[in-house]
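Listed below are the residues making up each chain.
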Amino acid sequence: MNLRTLFQEFNPSKFLLFFLLILFSVLLALRLDGIIEWSFWAVFLPVWLWKFITLTGGTLGIYVWVTNPQYRQDGDGNAEFKAMILSLIIHVLLLLFEILLCNNINEQKYSWILAFAPIYIISPLSIMFCIWELRHDRSVEFEMIFAVNILQFIFLSLKLDNIVEWSWVVVFIPIWIVMTLLCLLVVYYVIWSLLFLRSDIVSPAQKQNHVTIVIVSMTLVVPLLVFEILLVNRLDGSSEELFVKIMIPLQIALFTLLTTSFCNKGGNHWWFGIRKDFCEYLLGMIPCLREYGNTSYKFPESFITEAVSEELITHKRTSVQKEAPKQTAPVLRIDVPD
């Protein structure tokens, strides 16, 4: 296990996001089943913590940018700062939506269309942000969620306001289309991986990478599909499953995404104004971790056998040294006359 590689490939922002989402899914399931009687403002505590960290990091990044004009000379730094601003705009609108959502759940004071209004703004903005980030060779995972699901958000608000009387299976048609495309993508990965495994030209490392992609894709898409089927059946009254059980496939998918944060280097260096990789910054702040981060552990198959053999040799040497010395008789010299 190479800890240096772990530090270099770790993505702290994704780890924090998926960990808080897992915690939120657990609290929400317990609240919907009546196991806990907390207010929804308390149930949304992981979400508020996520937004607080994001807004704090964005504010500090803007402060460092304004107070240090010399940083603006870096072309890549300018692109990362703009990407942080775009992401910060989406998070502010998402925070507004979450506040309206939580307030309307506790006491419905306005229509759900009004509560979803920030999402209606986020979705077209996400399309423009995706185009900009693709032109600058940046990942678009977060923005893509809102860009492809704009129709789903409209259907949800219409259903919650009873403007349409569709069943929940019909309401979730946009998400069924997205899941169908994802399932086809998984099948594509599986076929290509089988072809690579049978090929003699592909190196073992490439074969291992393709197998890993297939495993991650299946453990992400299949649980999500199962979760959506269980949720639709519960909302339509076809089943009486507890939300704690319904959330389990979703939590499996989130945990899969959580594990990918350890091998998915990325993230914007302008968050909190650190201007460098988070782990590199952490090692600089805490020098005692450098020695730990430079350590590499490797356990061969014969590790136990070698350890036992070395212990036996050491024990044998110790036993020989502890043996009592032998008694020797003095040498007598007899002079014989010539």
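Residues numbered from 1 in each chain as written. Predicted model: local features only at pLDDT ≥ 70, side-chain atom pairs only at ≥ 80, totals over all residues. Heavy atoms only, no water.

**Overview of the packing of aromatic side chains**
(1) Moving on: Counted under the stated rule, the structure contains 13 aromatic pairs.
(2) Moving on: Here the aromatic rings of Tyr 188 and Tyr 189 are separated by 5.9 Å at their centres, their planes lie at 50°, and the arrangement is tilted.
(3) Moving on: The class of Tyr 188 is partly exposed, set by a relative accessible area of 45%.
(4) Moving on: Feature note: the residues Phe 24, Trp 41, Phe 44 and Trp 48 constitute an aromatic cluster, connected by ring pairs.
(5) Moving on: Directly above the aromatic system of Trp 50 lies the positively charged group of Lys 51, at a separation of 3.1 Å from the ring centroid. (Phe/Tyr/Trp six-rings, centres within 6.5 Å; stacked < 30°, edge-to-face > 60°. Buried < 20%, exposed > 50% of the residue type's maximum accessible area, 1.4 Å probe, protein only. Lys NZ or Arg CZ within 6 Å of the ring centre and 35° of its normal.)

**Some words on the side chain of Ser 25**
(1) Moving on: Position of Ser 25 among the secondary structure elements: in helix H2 (residues 12-32).
(2) Moving on: A polar contact is formed between the side chain of Ser 25 and the side chain of Gln 251, at a distance of 3.4 Å.
(3) Moving on: The residues contacting Ser 25, other than those within four sequence positions of it, are Met 247, Gln 251 and Leu 254. (Helix = DSSP H or I, 4+ residues; strand = E, 2+ residues; numbered from the N terminus. Polar contact = N/O pair within 3.5 Å; in protein donor to acceptor, adjacent residues only side chain to side chain. Contact = heavy atoms within 4.5 Å.)

**Quick look at helix H12 (residues 204-235)**
(1) Moving on: The terminal C-alpha atoms of H12, which comprises 32 residues, lie 47 Å apart, in line with the 46 Å expected from a rise of 1.5 Å per residue.
(2) Moving on: Within the sequence span of H12, burial applies to Val 214, Ser 217, Val 221, Pro 223, Phe 227, Glu 228, Leu 231 and Val 232.
(3) Moving on: Tucked into the core, H12 has its buried residues touching helix H10 (168-171), helix H11 (173-198) and helix H13 (243-260).
(4) Moving on: Once H12 finishes, Gly 237 follows within two positions and takes phi at roughly 80°, a positive value. (Expected span 1.5 Å × (residues − 1).)

**Brief notes about helix H8 (residues 141-148)**
(1) Moving on: Taken as a whole, H8 has its buried residues at Glu 143, Phe 146 and Ala 147. In an axial view of H8, the angular spread of the buried residues amounts to 105°, which keeps them on one side of the axis. (Arc of directions from axis to C-beta.)

**Looking at the packing of H2 against H13**
(1) Moving on: Running from amino to carboxyl end, H2 crosses H13 at an angle of 175°, the nearest separation of the two axes being 9 Å. Considering the angle they form, H2 stands roughly antiparallel to H13. Of the residues in H13, those touching H2 at Phe 15, Phe 18, Phe 19, Leu 21, Ile 22, Ser 25, Val 26, Leu 28, Ala 29, Leu 30 and Leu 32 are Phe 243, Val 244, Met 247, Gln 251, Leu 254, Phe 255, Leu 257 and Leu 258.
(2) Moving on: A per-class count over the contact of H2 with H13 returns 17 nonpolar, 2 polar and no charged. (Axes fitted to C-alpha atoms, helices over the stretch in contact; angles between N-to-C directions. Parallel < 35°, antiparallel > 145°, perpendicular 65-115°, else oblique. Nonpolar A, V, L, I, M, F, W, Y, C, P; charged D, E, K, R; others polar.)

**Re unusual backbone geometry**
(1) Moving on: Although it is not a glycine, Asn 162 sits at a positive phi angle of roughly 60°.
(2) Moving on: Relative to the assigned elements, Asn 162 resides in the loop between helix H9 (150-160) and H10.

**Regarding the pattern of salt bridges**
(1) Moving on: Under the criterion given, the structure shown has 1 salt bridge.
(2) Moving on: Here Glu 98 makes a salt bridge to Lys 51, at a shortest N to O gap of 3.1 Å. With Glu 98 in helix H5 (residues 75-106) and Lys 51 in helix H4 (residues 45-67), this residue pair connects regions lying 47 residues apart in the sequence. Like Lys 51, Glu 98 is buried. (Salt bridge = Lys/Arg side-chain N within 4 Å of Asp/Glu carboxyl O.)

**Points about the nonpolar core**
(1) Moving on: One finds Phe 44, Leu 94, Phe 116, Ile 119, Ile 122, Phe 146 and Phe 172 to be the most contacted residues of the largest nonpolar core, which totals 51 residues.
(2) Moving on: At 9 residues, the largest contribution of residues to this core is made by H5.
(3) Moving on: Among all residues touching Phe 172, those that are not within four sequence positions of it are Gln 152, Leu 156, Leu 231, Val 232 and Leu 235.
(4) Moving on: Counting 7 residues, the second largest nonpolar core, distinct from the first, contains Val 64, Trp 65, Met 84 and Trp 270. (Core = buried A, V, L, I, M, F, W, Y, C linked by side-chain atoms within 4.5 Å.)

**Here we look at the packing of helix H7 (residues 117-135) against H8**
(1) Moving on: Contact geometry of H7 with H8 gives a least axis separation of 7 Å together with a crossing angle of 130°. Relative to H8, the element H7 lies oblique. Between H7 and H8 the crossing geometry is left-handed. Residues Ile 119, Ile 122, Ser 123, Ser 126, Ile 127, Phe 129, Cys 130 and Glu 133 of H7 touch H8, and the partners they reach there are Glu 143, Met 144, Phe 146 and Ala 147. (Left-handed = near helix turned anticlockwise from the far one by under 90°.)

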